[in-house]
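Observations on the model geometry
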There are 2 protein chains.
Amino acid sequence: MTQEIPDIIIGRLPIYLRALRHMQTQGKQTASSQELGEQVGISAAQIRKDLSQFGEFGKQGAGYNIPFLIDKLREILKINRVWEVAIVGAGDMGHALARYQGFIDRGFRVAVIFDNDAQKVGKKAGNYVIQDAANMVEKIREAGIQVAMLTVPASAAQEVADKLVEAGVKAILNYAPISLNVPAGVYVQYIDPPTHLQRMTYYL
Amino acid sequence: MTQEIPDIIIGRLPIYLRALRHMQTQGKQTASSQELGEQVGISAAQIRKDLSQFGEFGKQGAGYNIPFLIDKLREILKINRVWEVAIVGAGDMGHALARYQGFIDRGFRVAVIFDNDAQKVGKKAGNYVIQDAANMVEKIREAGIQVAMLTVPASAAQEVADKLVEAGVKAILNYAPISLNVPAGVYVQYIDPPTHLQRMTYYL
């Protein structure tokens, strides 16, 4: 059995990947752990330690080959494929996500957006026609969608999350300002601007 | 000199606070570390350890007094006051943040929104008239604003961040998909939906 890699390391891999792609667009072919570290504000030693969990990606003194490391990270993060994503909640945030152009080249494609408001169903959010949330479980299950973004009010979030789990969703990006209870094997990440701001005001 | 408390613990405090307020709205007056742990998906032992860094907040066996712990956490996170926040970038995300109702009772008030697009300046985002980013440094400095949310494209983010630092901003919530370089004493938190999604697809 492979030793489990700490989630905090997994959380840094997308940051490394994003920086490497940025360096690639600047025409760079190789990056030392120092250069990558300066990009992301993480020590070179930490980067080397993190990456060494997954194999030998750099030659001593030669730095990392950027296209190779990008490929490896995409493979490790399982985004060497495109994941279809459901958005639940067609409020301001749901609309902003439906229109966001930054998903497709990072492994995700918004496939569908749901809302339970009859005033919204049938209208558009970005290029998507808003679907009735009443059919959500069935539609997500039929489409085999495993990833969802939850942008409903806090009061509805747990109920919707339960339905997403029932529909087979395994990864939920939750914008509702509430912690979700999900069964083992389902993953939740949280985006809540005040929470992020409060983490900084502590230091001010 | 006080021992520095790990940032990962600081990051959990807003989560505890949010859950405690949720429990309070449900009419609860006390919470055991077990109950709080179930709410947030963190072990009771971890919660007790985290909170003990800041003092003695609970009596053995009696659980935490919710209003008292809420007050203490607000004090520790320095949100027993209201921080004015500048939004830079009046795109979809900037508009969504300008309209977001969840800031004020969590310690923040959007004070101003800037954009450098002449087509947008003078138009409204939520209740705010979009200001010309050309005057940003001066206006932020005059208002004494220390907190900003950055919702500009990645290509402009570092330049804008430099200006925010020049204007006296100490805390930046960065929505642009790029790591920022800021001087010591300036704090950055990142919100980047694909990064959060990639952290979960690793496990699928």
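Presented here is an overview of the structure given in this document. Keep in mind that this is a model prediction, so the values were computed, not measured.

With 60 residues of chain B in contact, the opposing surface of chain A contributes 60 residues. Between chain B and chain A the total buried area reaches about 5900 Å² when both faces are included, carbon and sulfur atoms providing 63% of it. The interface formed by chain B and chain A contains 8 salt bridges. In this structure, A:Asp192 engages B:Arg18 in a salt bridge whose closest nitrogen and oxygen atoms are separated by 2.9 Å.

This part is about the packing of helix H6 (residues 136–143) of chain A against helix H7 (residues 154–166) of chain A. Residue and element names in this part refer to chain A. Where H6 contacts H7, the two axes come as close as 9 Å, and the packing angle between them is 35°. In the packing of H6 onto H7, the handedness of the crossing is right-handed. The segment H6 lies against H7, with Met136, Val137, Ile140 and Arg141 engaging Val160, Lys163, Leu164 and Glu166. The class makeup of the residues in the contact of H6 with H7 is 5 nonpolar, no polar and 3 charged.

By secondary structure assignment, the location of A:Gln198 is in helix H8 (residues 193–201). On the basis of relative accessibility, which here comes to 1%, the residue A:Gln198 falls in the buried class. Discounting chain neighbours no more than four positions away, the residues touching A:Gln198 are B:Pro14, B:Leu17, B:Leu77, B:Ile79, B:Arg106 and B:Phe108.

Least-squares fitting of chain B to chain A yields an RMSD of 0.0 Å, with the superposition described by an axial translation of 0.0 Å and a rotation of 180°. With respect to symmetry, the two chain copies, as superposed, fit the operation of a two-fold axis. Most of the interface of chain B is mirrored in chain A, where 100% of its interface residues are also at the interface.

Rules used in this analysis
- Residues numbered from 1 in each chain as written.
- Chains lettered and ligands numbered in written order.
- Predicted model: local features only at pLDDT ≥ 70, side-chain atom pairs only at ≥ 80, totals over all residues.
- Heavy atoms only, no water.
- Contact = heavy atoms within 4.5 Å.
- Buried area = accessible area lost by both parts, 1.4 Å probe.
- Salt bridge = Lys/Arg side-chain N within 4 Å of Asp/Glu carboxyl O.
- Axes fitted to C-alpha atoms, helices over the stretch in contact; angles between N-to-C directions.
- Helix = DSSP H or I, 4+ residues; strand = E, 2+ residues; numbered from the N terminus.
- Left-handed = near helix turned anticlockwise from the far one by under 90°.
- Nonpolar A, V, L, I, M, F, W, Y, C, P; charged D, E, K, R; others polar.
- Buried < 20%, exposed > 50% of the residue type's maximum accessible area, 1.4 Å probe, protein only.
- Least-squares fit on C-alpha atoms with pLDDT ≥ 70 in both.

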